[in-house]
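# Coordinate analysis (summary)
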Amino acid sequence: MKAKKILAIAAAALLAVSALTACGGDTTSGSSESSASESSTSESSTSESSASESSASESSESSASGEVSQMGGSVSTDGSTSMEHLMGIYQEVYTELSGTTINYNPTGSGSGITAVTEGRCDIGLASRDLKEEEAATGLTGHIVAIDGIAVIVNPENPVADLSVEQIKQLYTGEVTNWSEVGGNDGEVVVIGRESGSGTRDGFEEVVDAADACVYNQELTSTGAVIAAVASNPNAIGYASLSAVDDTIKTLTVGGVECSEETIQSGDYAVQRNFVMVTNDNEELSAEAEAFLNWALSEDADEYVREAGCVPIQH
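This write-up is about the structure you can find in this document. (Residues numbered from 1 in each chain as written. Predicted model: local features only at pLDDT ≥ 70, side-chain atom pairs only at ≥ 80, totals over all residues. Heavy atoms only, no water.)

## Re the packing of helix α2 (residues 84-98) against helix α9 (residues 286-295)
The axes of two packed helices give the description: the angle between them and the distance between them. Note the threshold: Note on method: axes are straight lines fitted to C-alpha atoms, helices fitted across the in-contact stretch only, with angles between N-to-C directions ranging 0 to 180 degrees. Secondary structure elements are taken from DSSP: a helix is a run of H or I of four residues or more, a strand is a run of E of two residues or more, and numbering for both begins at the N terminus. Take the far helix as the reference: if the near one is turned anticlockwise from it by less than a right angle, the crossing is left-handed, and if turned clockwise, right-handed. Note on definitions: a residue-residue contact is assigned when non-hydrogen atoms from the two residues lie within 4.5 Å. In this classification, the charged set is Asp, Glu, Lys and Arg, the nonpolar set is Ala, Val, Leu, Ile, Met, Phe, Trp, Tyr, Cys and Pro, and all remaining amino acids, among them Gly, are polar.
Where α2 meets α9, the axes come as close as 12 Å, and the angle between the chain directions of the two elements is 115 degrees. Considering how the two elements wind past one another, α2 and α9 form a crossing that is right-handed. Side by side, α2 and α9 meet where M87, Y90, V93, Y94 and L97 of the first sit next to E287, A290, F291, W294 and A295 of the second. Each residue belonging to the contact of α2 with α9 can be placed in one class, and the counts come to nine nonpolar, no polar and one charged.

Here you go:
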């Protein structure tokens, strides 16, 4: 009997050891399977991460290449009336390229700078460089084109050329009769833009007559100046080269005509910049930044020329 009990206990012990061994084998197998699963997940995650980084890199390279992406949305601009022709072309061309609508409010350079300062538009437009006090508020001016300011008279006026000094004398009232500068006997009618106009600021700065001009008429648009000069044989005015037409006569200045070549070379004296103004205190929308980058690129040069302006040097 004792022998049978001992054998039974020994058998039970063997069964227990066998069960423990089997259990240990299962645990090792489970750990191996778990490790394989984690490894697979890690590899998948790494692959997805690499793909994402590659995609981001490709997107960055595409953006840097100057290509225009279809973005949609809209960009609001406000300011210079002298830039109206250029902006009209930009509106048509860039909208077709990108699907982004470019809104343009022609209020004058001063108003455009105020609008971007106050956050009422994405980009301000100025037909002059920013003043030191304007830049000090956190504004940045981006030159997108060069514009020659044409000095214009009525086609009946025999005067064909004036020096910068003579132009200053006519506009400040030092010379009041056309006969004093080689013209017919007749009182000079001085026509220009309103206070705050970028064209006026640019013109007066170039001829060294800031705040010293004596105007018979101060008009609120370039087109109005051209129309006034065209209707008065004794009138003199100034206008953006891109806006002049055959209803008036453009004078040479110091013997140099107002043309793309003479403006690009710097030989023509009466010229200024067309500027897009951004506010460093406000983050530009993706659409506005893309439009600005395009306007500053060589891709926009042909449209700058189409508007009668001179492209910037890249």
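## Description of the side chain of S109
The condition that has to hold: Under the scheme applied here, a residue whose accessible area is under 20% of the maximum for its type counts as buried, over 50% as exposed, and between as partly exposed, the area being computed with a 1.4 Å probe on protein chains only. Here a polar contact means two N or O atoms within 3.5 Å. Within protein one must be a hydrogen donor candidate and the other an acceptor candidate, and residues neighboring in sequence count only if both atoms are side-chain atoms.
Positionally, S109 belongs in helix α3 (residues 109-117). Looking at S109, the relative accessible area reads 1%, which means it is buried. For S109, the side chain forms a polar contact with the main-chain nitrogen of G198, separated by 3.5 Å.

## Regarding the pattern of salt bridges
To be explicit about the condition: Within this document, salt bridges are pairs made up of a side-chain nitrogen of Lys or Arg and a carboxyl oxygen of Asp or Glu, the two lying within 4 Å of each other.
For the coordinates displayed, the defined rule picks out ten salt bridges. Notably, a salt bridge pairs E134 with R128, separated by 2.9 Å at the nearest N-O pair. Classification of E134 by relative accessible area gives buried; the value is 15%.

## Remarks on the nonpolar core
Counted only if it meets this: Side-chain atoms within 4.5 Å link the members of a nonpolar core, which is a set of buried Ala, Val, Leu, Ile, Met, Phe, Trp, Tyr and Cys residues.
Counting residues in hydrophobic clusters, the biggest one holds 41 residues, and the most contacted among them are Y171, F203 and I236. Among the elements of the structure, β4 (139-153), α5 (164-172), β6 (189-193), α7 (222-230) and β8 (235-240) are those that each provide at least two residues to this core. With six residues, the single largest contributor to this core is β4. Leaving out residues up to four positions away in the same chain, Y171 has contacts with V190, I191, F203, A212, C213, V214, Y215, I236, G237 and Y238.

## A closer look at the side chain of S82
Mapped onto the fold, S82 is located in the loop between β1 (74-79) and α2. At 3.4 Å, the side chain of S82 forms a polar contact with the side chain of T222. Those residues in contact with S82 that sit more than four places away from it in its chain are S127, R193, T199, T222, S240, S242, R272 and F274.

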